[in-house]
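Structure at a glance
Letter by letter, the chains look like this.
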2 protein chains.
Amino acid sequence: MLRGHQTWEFENQPVILSTGTVGGPFEAKGELADDFDLLHEDLWLKQDSYEKAQKVLIEKSISRAIEKSELRNEDIQFMFAGDLINQITPSSFASRTLAIPYLGLFGACSTSMEGLALAAFLVNAKGAERVVTAASSHNAATEKQFRYPTEYGGQKPPTSQWTVTASGAAIISNVGDGPVVTSATIGKVIDMGLSDPFNMGGAMAPAAADTIVAHFRDRNLPPDHYDLVASGDLGEIGLPIAKDLLKQKGLDLPEDTFQDCGLMIYREGQPVLAGGSGAGCSAAVTYGHLLNRMKRGELNRILIVATGALLSPLSYQQQETIPCIAHAVSIEAGGGMT
Amino acid sequence: MLRGHQTWEFENQPVILSTGTVGGPFEAKGELADDFDLLHEDLWLKQDSYEKAQKVLIEKSISRAIEKSELRNEDIQFMFAGDLINQITPSSFASRTLAIPYLGLFGACSTSMEGLALAAFLVNAKGAERVVTAASSHNAATEKQFRYPTEYGGQKPPTSQWTVTASGAAIISNVGDGPVVTSATIGKVIDMGLSDPFNMGGAMAPAAADTIVAHFRDRNLPPDHYDLVASGDLGEIGLPIAKDLLKQKGLDLPEDTFQDCGLMIYREGQPVLAGGSGAGCSAAVTYGHLLNRMKRGELNRILIVATGALLSPLSYQQQETIPCIAHAVSIEAGGGMT
């Protein structure tokens, strides 16, 4: 199962049985609106706080995934979930509603692939028949906690990213058809000494490059193995830096193979500065848009590299630099997808 | 591997190769002082913030565990860690220092056994040869974040608990000798509608009882299977409630079998109100005191039930009740321990 230093290969073909993706009003106007299962016009989702709204996003994405595979909550044995809010309360409160044995994760925006890696590992090793994993973010809840309430109308520099309001969930199983989760590479914390929380893409790029290189090395893959390597989320600043770093490290991915979930989700003209971010971005883009493209036969082998900036407002105030991490999971078109 | 609804049995005998336990000044005066590897007289650990002090606790506990088994950092393939601080920065910053591929967890005080369960699963399923897991807490960092800075001298009711300043780490391996991790039961979130953050033990007791009952049911064990069932941390209020709930559910553990880590760690007369708590409490008590007792032959089979209150200061302000969880891991004396 362990391959090389930090990669697991899943020989028992755990599949993504079904997914659920839920987005907010800004995502409804975005490039990938058609790929969401459910879009909300109201950022509050009829709740009295943004954190409660985020909880509802998670609940709905998981319920939708469960419905689509015609299962009940009791059929799901474990739930891996996490988010950016202090003490990951939206995920934990959603888990209370769903009543599924629960393992809470924190990996900032890398949580999506941390959860998928662990869910696939568990199913592959027969620790479960069906596991659900979810990652989410909410623009206003995140802005309030990490920066200022959006009502203040604070200005941000063009290097900063727009936190996506979305939740993406996937059910992983060892029976049934669907895209196959073939491997996962767990990243190390990389910190190049950057400390600007308005340039997370730049800070996270070295972690993304480190994990991608480790993945190709551990699995001994040629650079053209994947149709798409999608980071989540480096944005306009981070993506070219990561591309340069890969070249420096001698990994020359084919032109246009390396893209970013945060640059896919919005339309040109939406005021999202350097692109989307947030734990829900890579989850929703992967479980919605990218798997839809796989179902249509446009993609056969993809590698999702979810990147997390593991800072807190307090660590920034205490003049710490930003420790970053990236986890990569490979997904391949399965037999049942044609 | 999956047994019953929510339990894993580890047939390949993952062992606890070595452990590291580090405590603070209050723990140095406690009942279990002799069971710590390292005790600090200074709550600051020569750092300029309590959060940085907590990071050093984690680093030292992991380094001590690695030294004791005569390994180097590079020999450890993965690290599972978490704590109570926003965005678990002490764990993530410690992981930066150690440069081990890292999976961040959040389960409040249940993090210790969430980490041990996942580490043992990984090693048992040959996803790694050696994994380190750590959980920690720091009294002053936690008080500042969840309540008030300790310098304010705020009063607390007698039902509240004292956050332990400690980190406990364990290296899990599929080679070598040591206590064997035999099984783990992952809990569901249970919320009985309590909302008083100064009575966490009472809030967490139903989650502990639910997981203990699930564990005995899934493994089909007689009530006297374990020499010790240790919760972490229900304290003086929660422990008798959990005992009553077990009796109501028909699980009659032998007299004195069910104890609490938070009631073991301090000496009578220390002003800890209803007892110790914090993610570092059950980690340090288990990896220090309880495994020492196992080595001396006083205990053969133990079940550690780490309980977490998954609230945040914000969820409390938003009038949410406290969602609680408990994860149980069983440890048995191994061949190399006699």
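- If you look chain A up in an unreviewed UniProt entry, it shows as Stage V sporulation protein AD from Halalkalibacter krulwichiae.

1. Some details on the packing of aromatic side chains
Residues and elements named next belong to chain A.
- Taken as a whole, this structure holds 17 aromatic pairs over all chains when the rule is applied.
- Aromatic side chains Phe216 and Tyr226 sit 5.8 Å apart centroid to centroid with 85° between the ring planes, which places their arrangement in the edge-to-face category. Linking Phe216 in helix H6 (residues 200–219) with Tyr226 in the loop between H6 and strand E11 (228–232), this pair joins segments that are 10 residues apart in sequence. Both residues of the pair, Phe216 and Tyr226, count as buried.

2. Considerations on the domain arrangement of chain A
Residue and element names in this part refer to chain A.
- The domain architecture assigned to chain A consists of domain 1 (2–173) and domain 2 (183–331).
- One C-alpha centre belongs to domain 1, the other to domain 2, and the line joining them spans 17 Å.
- Tallying the contact residues gives 52 residues for domain 1 and 61 residues for domain 2.
- A buried area of about 4,700 Å², summed over both sides, lies between domain 1 and domain 2, and 62% of it is on carbon and sulfur atoms.
- Inspection of the region where domain 1 meets domain 2 yields two salt bridges.
- The partner of Arg267 in a salt bridge is Glu31, with the nearest N and O atoms 4.0 Å apart.
- For the pair domain 1 and domain 2, the interface holds 31 residue pairs in polar contact (both at pLDDT 80 or more).

3. Let's talk about the environment of Ser183 of chain B
Residue and element names in this part refer to chain B.
- By the secondary structure assignment, Ser183 is in strand E10 (residues 180–185).
- By relative accessible area, Ser183 is classed as buried at 0%.
- Ser183 sits 101 residues away from Ala284 along the chain, and the two C-alpha atoms are 20 Å apart.
- For Ser183, the residues in contact, after removing those within four places along its chain, are Thr7, Trp8, Glu9, Phe10, His215, Arg219, Tyr226, Ala328, Val329 and Ser330.
- A polar contact is formed between the side chain of Ser183 and the side chain of Arg219, at a distance of 3.1 Å.
- Here the side chain of Ser183 touches Ser330 through a polar contact of 2.6 Å, side chain to side chain.

4. Structural notes on the environment of Val272 of chain A
- Relative to the elements of secondary structure, Val272 of chain A occurs in the loop between helix H8 (261–264) and strand E13 (276–277).
- As for Val272 of chain A and Pro158 of chain A, which are separated by 114 residues in sequence, their C-alpha atoms are 8.7 Å apart.

5. Comments concerning the relation of the copies chain B and chain A
- By a simple turn and slide, chain B fits onto chain A: the slide is 0.0 Å along the axis, the RMSD is 0.0 Å, and the turn is 180°. Such a combination of rotation and displacement between the chain copies is what one expects of a two-fold axis. No C-alpha of chain B lies nearer the rotation axis than that of Leu105 of chain B, which sits 2.2 Å from it.
- A symmetric contact is evident, with 100% of the interface residues of chain B recurring at the interface of chain A.

6. Description of the interface of chain B and chain A
- The interface is formed by 57 residues belonging to chain B together with 57 residues belonging to chain A.
- Here chain B meets chain A over a buried area of about 4,600 Å², counting both sides, of which 64% is carbon and sulfur.
- Its largest share of buried area at the contact with chain A, chain B owes to Gln87, Arg96 and Phe106 of chain B, together 15% of the area lost on that side.
- Our count for the chain B to chain A interface comes out at four salt bridges.
- The partner of Arg96 of chain A in a salt bridge is Glu320 of chain B, with the nearest N and O atoms 3.1 Å apart.
- At the junction of chain B with chain A, the criterion picks out 26 residue pairs in polar contact (both at pLDDT 80 or more).
- When residues of the side of chain B that touches chain A are traced back to their parent elements, those giving at least two are helix H2 (50–68), strand E5 (78–82), helix H3 (89–98), strand E6 (102–104), helix H4 (111–124), helix H5 (139–146), helix H10 (313–317) and strand E15 (324–332) of chain B.
- Per element, the largest residue contribution to the side of chain B that touches chain A is five residues, and it comes from H3 of chain B.
- A breakdown of the residues in the side of chain B that touches chain A according to their chemical character gives 30 nonpolar, 18 polar and nine charged.

7. Examining the packing of H4 of chain B against helix H9 (residues 279–295) of chain B
Residues and elements named next belong to chain B.
- Look at H4 against H9: their axes get within 7 Å of each other, and the N-to-C directions meet at 55°. Here H4 lies oblique to H9, going by the angle between them. Counted together, Ser112, Met113 and Leu116 of H4 and Ala279, Ser282, Ala283, Thr286 and Tyr287 of H9 form the full contact between these two elements.
- When grouped by side-chain class, the residues that make up the contact of H4 with H9 number five nonpolar, three polar and no charged.

8. Quick look at the pattern of salt bridges
All names here are of chain A.
- All chains considered together, the criterion is met by 36 salt bridges over all chains.
- Measuring nitrogen to oxygen at the nearest pair gives 2.9 Å for the salt bridge that ties Glu9 to Arg3.
- The class for Arg3 is partly exposed, based on a relative accessible area of 31%.
- Among the salt bridges present, the one from Lys144 reaches Glu51, with a minimum N-O distance of 2.8 Å. On the criterion of sequence distance, the pair formed by Lys144 in helix H5 (residues 139–146) and Glu51 in helix H2 (residues 50–68) is long-range, its members being 93 residues apart.
- Looking at Lys144, the relative accessible area reads 31%, which means it is partly exposed.
- A cluster of three or more residues bridged by salt bridges with shared partners is formed by Arg3, Glu9 and Arg219.

Scoring rules and cut-offs
Residues numbered from 1 in each chain as written. Chains lettered and ligands numbered in written order. Predicted model: local features only at pLDDT ≥ 70, side-chain atom pairs only at ≥ 80, totals over all residues. Heavy atoms only, no water. Phe/Tyr/Trp six-rings, centres within 6.5 Å; stacked < 30°, edge-to-face > 60°. Helix = DSSP H or I, 4+ residues; strand = E, 2+ residues; numbered from the N terminus. Buried < 20%, exposed > 50% of the residue type's maximum accessible area, 1.4 Å probe, protein only. Domains from an automatic or database assignment. Contact = heavy atoms within 4.5 Å. Buried area = accessible area lost by both parts, 1.4 Å probe. Salt bridge = Lys/Arg side-chain N within 4 Å of Asp/Glu carboxyl O. Polar contact = N/O pair within 3.5 Å; in protein donor to acceptor, adjacent residues only side chain to side chain. Least-squares fit on C-alpha atoms with pLDDT ≥ 70 in both. Nonpolar A, V, L, I, M, F, W, Y, C, P; charged D, E, K, R; others polar. Axes fitted to C-alpha atoms, helices over the stretch in contact; angles between N-to-C directions. Parallel < 35°, antiparallel > 145°, perpendicular 65-115°, else oblique.

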